[in-house]
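Working through the structure, step by step
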Amino acid sequence: MADITFDGVSKVFGDDIRAVDNLSLHVADGEFMVLVGPSGCGKTTALRMLAGLEEITSGTLSIGGVVVNDVLPKDRDVAMVFQNYALYPHMTVAQNMGFALKIRGESKAEVQRKVSEAATILRLTDYLERRPKALSGGQRQRVAMGRAIVRNPQAFLMDEPLSNLDAQLRVEMRLEIARIQRLLNVATVYVTHDQIEAMTMGDRVAVMRGGVLQQVATPQFLYDHPANEFVAGFMGSPPMNLLRAHLESGAGESTLVFGRQRVAVPSGYDRTHALPTESGSDVVFGIRPEDVEIVTEAGTVGAISTRVERREALGAEILVHLSLVDADGTSAITIDDNGAVVLRPTVLVAKMGPRADVKVGDALSVRFNPERFHFFDAGSGQSLRQI
Amino acid sequence: MILFVAMLLVAIVMLYPFWVMIYNSLMTEAQFLAGKGFSLGSWKALTSVIPVGQEVLSSTIICTASILIILLIGLPAGFAFAKLRFRLSTVVFLAIVSAMMVPLQAILMPEFVNVTKLGLTSGYVGAVLVYSALGTPFSVFLFTTYFRGVPDELIEAGIVDGLGYFGVLWRLVLPIAVPAIATVTVLQFIQIWDDLLVGLLFIQNTSERPITVGLAVLSAGRTTSIPQLMAGSFISAVPAMLVYLGFQRYLVKGLTMGIDR
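Computed from a prediction, not measured in an experiment: that's the story for all the values here.

**Some points on the overall build of chain B**
Counting secondary structure elements, chain B contains 13 helices and zero strands. For chain B, the sequential pattern of α-helices and β-strands runs α-α-α-α-α-α-α-α-α-α-α-α-α. Along the first, second and third principal axes, the C-alpha atoms of chain B reach 70 × 60 × 30 Å. Taking all 261 residues of chain B together, 36% fall into the buried category. A separation of at least 24 residues holds for 77% of the contacts in chain B among residues at least 6 apart in sequence.

**Observations regarding the interface of chain B and chain A**
Contact with chain B, which involves 13 residues of that partner, is made by 17 residues of chain A. Elements supplying a minimum of two residues to the side of chain B that touches chain A: helix H8 (152-161) and helix H9 (165-176) of chain B. Looking at the side of chain B that touches chain A, the element that brings in the most residues is H8 of chain B, giving seven residues. Its residues placed into classes, the side of chain B that touches chain A shows nine nonpolar, one polar and three charged.

**Notes on the sheet that holds strand S1 (residues 4-13) of chain A**
Residue and element names in this part refer to chain A. Spatially, the four strands line up as an open sheet ordered S2-S1-S4-S5, and their pairing is antiparallel. The sheet terminates laterally at strand S2 (17-27) and strand S5 (66-67), the two strands that pair on one side only. Two elements, S1 and strand S4 (residues 58-63), share five bridges in a ladder whose sense is antiparallel. Paired with Thr 5 across the two strands is Ser 62, which belongs to S4.

**Brief notes about helix H6 (residues 104-117) of chain B**
With 14 residues, H6 of chain B should cover 20 Å at 1.5 Å per step; its first-to-last C-alpha distance of 19 Å lies within 8% of that length. At the C-terminal side of H6 of chain B, Gly 119 of chain B shows a positive phi close to 70°.

**Considerations on the packing of helix H4 (residues 52-83) of chain B against helix H10 (residues 178-194) of chain B**
Residue and element names in this part refer to chain B. With their axes 10 Å apart at the nearest point, H4 and H10 run at an angle of 140° to one another. As the angle between them shows, H4 and H10 are arranged oblique. In this structure, H4 crosses over H10, and the sense of that crossing is right-handed. Contacts from Ser 59, Ile 62, Cys 63, Ser 66, Ile 67, Ile 70, Leu 71 and Gly 74 of H4 reach H10 at Ile 181, Val 184, Thr 185, Gln 188, Phe 189, Ile 192 and Trp 193. Among the residues making up the contact of H4 with H10, the classes are represented as ten nonpolar, five polar and no charged.

**Things to note about the sheet that holds strand S10 (residues 212-217) of chain A**
Residues and elements named next belong to chain A. Pairing in this open sheet of six strands is mixed, and the strands run S6-S7-S8-S3-S9-S10 from one edge to the other. Two strands bound the open sheet, and with one partner strand each, they are strand S6 (78-81) and S10. Direction aside, neighbouring strands of the sheet carry axes that sit 20° apart on average. Where S6 meets strand S7 (residues 155-159), four bridges bridge the pair, whose relative direction is parallel. Bridge pairing in S7 places Ala 79 opposite Phe 156.

**Quick word on the pairing of S7 of chain A**
Residue and element names in this part refer to chain A. Among the five residues in S7, five count as buried, and that is most of the element. Alternating positions in S7 separate into two faces, Ala 155, Leu 157 and Asp 159 on one and Phe 156 and Met 158 on the other, with burial throughout. Summarising the sheet, S7 and strand S8 (residues 187-192) pair through five bridges and their orientation is parallel. By the bridge assignment for S8, Leu 157 is matched with Val 189. Between the parallel elements S7 and S8, the chain passes through helix H5 (residues 167-184) in a crossover that is right-handed.

The rules we used
Residues numbered from 1 in each chain as written. Chains lettered and ligands numbered in written order. Predicted model: local features only at pLDDT ≥ 70, side-chain atom pairs only at ≥ 80, totals over all residues. Helix = DSSP H or I, 4+ residues; strand = E, 2+ residues; numbered from the N terminus. Buried ≥ 20, exposed ≤ 12 C-beta atoms within 10 Å, placed from the backbone. Contact = placed C-beta atoms within 7 Å. Nonpolar A, V, L, I, M, F, W, Y, C, P; charged D, E, K, R; others polar. Pairing = 2+ DSSP bridges. Expected span 1.5 Å × (residues − 1). Axes fitted to C-alpha atoms, helices over the stretch in contact; angles between N-to-C directions. Parallel < 35°, antiparallel > 145°, perpendicular 65-115°, else oblique. Left-handed = near helix turned anticlockwise from the far one by under 90°. Right-handed = clockwise from strand over helix to strand, strands pointing away.

Here is the structure:
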């Protein structure tokens, strides 16, 4: 077992396609690190460089303190679980799991013992003599895991291993993989574009975009304190509401201005955040959907007027899409599928209880949880949080 | 019903030559001219006119050796073109594949000169080399197409598990390439087994000539015994039929690979 260190690692395809740009990341021994980001963000390329399947253009990559830039994949002692499982179709489950050990020259008895142990952990004992085509998606996924764990490698590398499973099985396997990883306590790098997997499985999560690492932190820290508006807009389902606003300051207090609507910034944010001092400066204001609350009492301080545009009942909760009355036309920021930041009409999403009495077209007064405001620089998109 | 009748007609058209061969071979020359009678005389006479056993053995040796060489070159080449990234791979691949378009007759003379200069016209080596050269482009093309359908992840899994490229080819890719191997084997076998020209030119020793040359000799005399020729033709046709029947379940899969995705 070992730790993994990316030190300024870059990968350039052709002359100018920079898939991974100066990635520095440390995965501690036994840690479950999730690389997450939209398609094309470089997460899979980073994993493939770690496996030795892609050459490193610059920087150093170490496993267990040993630089492995020029080490062949077979000599890196890492095991990889692929998106499509990549099981050998002509071999049985037992042969698939024991193949790497057989190549390594381990005795038949030893291979059998290790395969049997792994099969017990993965609940595959009854399927050892079956071929992959006779297995369900979940069973194939477990065989792919088994093939990795029998080797007792220094690190597990997993490339979107759950993306081919249906929703229910994905939840089961999410727990299963996390359980096995904790049981074996091997450094694991897990690539996914699914932020729910990232939030639920990782000890820490590294968010990538356009080949650049955006933030590395525990899932809860990422959720609570995103480093920039991309992370804020990517993590969370539905993502954080991001609204462009003017910040008016004077007489020791600040106010967010959305068109003709105004929201007072609670005191204290000027100490924890580097808010613009010049009155009228642009700022990006962020608020999580669960921090948008309906106001029933008239005249509540900080309440703003909205109109219900759409209502999505999910059973346990309702997602209500609200447009701000008298706000600027396009000031809501969203992150599209390619990770690009785009402006949309001023709509924010609120998460409400399943019995909330809201209908499309209703006029609603809402307030934002004063303890959960987020501020980002309107130009760079970086969080203005200082501590 | 229409399909059944159509297939029945196709079957009759296909099987009729075999019926003609068998029926006419079971007569003597006189019976054949009279149009009636039954005898095994032509079969007995055939073995005294040409060394059928030796010729079938020669054809078998030539076919087996040529197909082995074609597979030994075609498999790794196809794997490399399909899965490895190297400079000018597309150009080299197109150059090899374009060789499929060159007819044998166009290169026969230079090939004959080269093989003769190398002293390879006695024995099987010259013919085997010519057949291998003619069959390799097609096998490279077929294997490349087939291996393009093999997921990259399967190969990468093998590499991470500790195999080199030859290990991956031998232990992972080959076992799943049976339909492609069968297709190349059957098509090349039929082509080489039935070929007359190369055998006639590149095998000079009478004792090493293949069955097709033997049959040509049989019909080259002043008079030709049709029943004997039919018997020889039937013997010649049987191995190709057996190879086809043995591999036919892979053949369709092998020929349609790459177009059913």
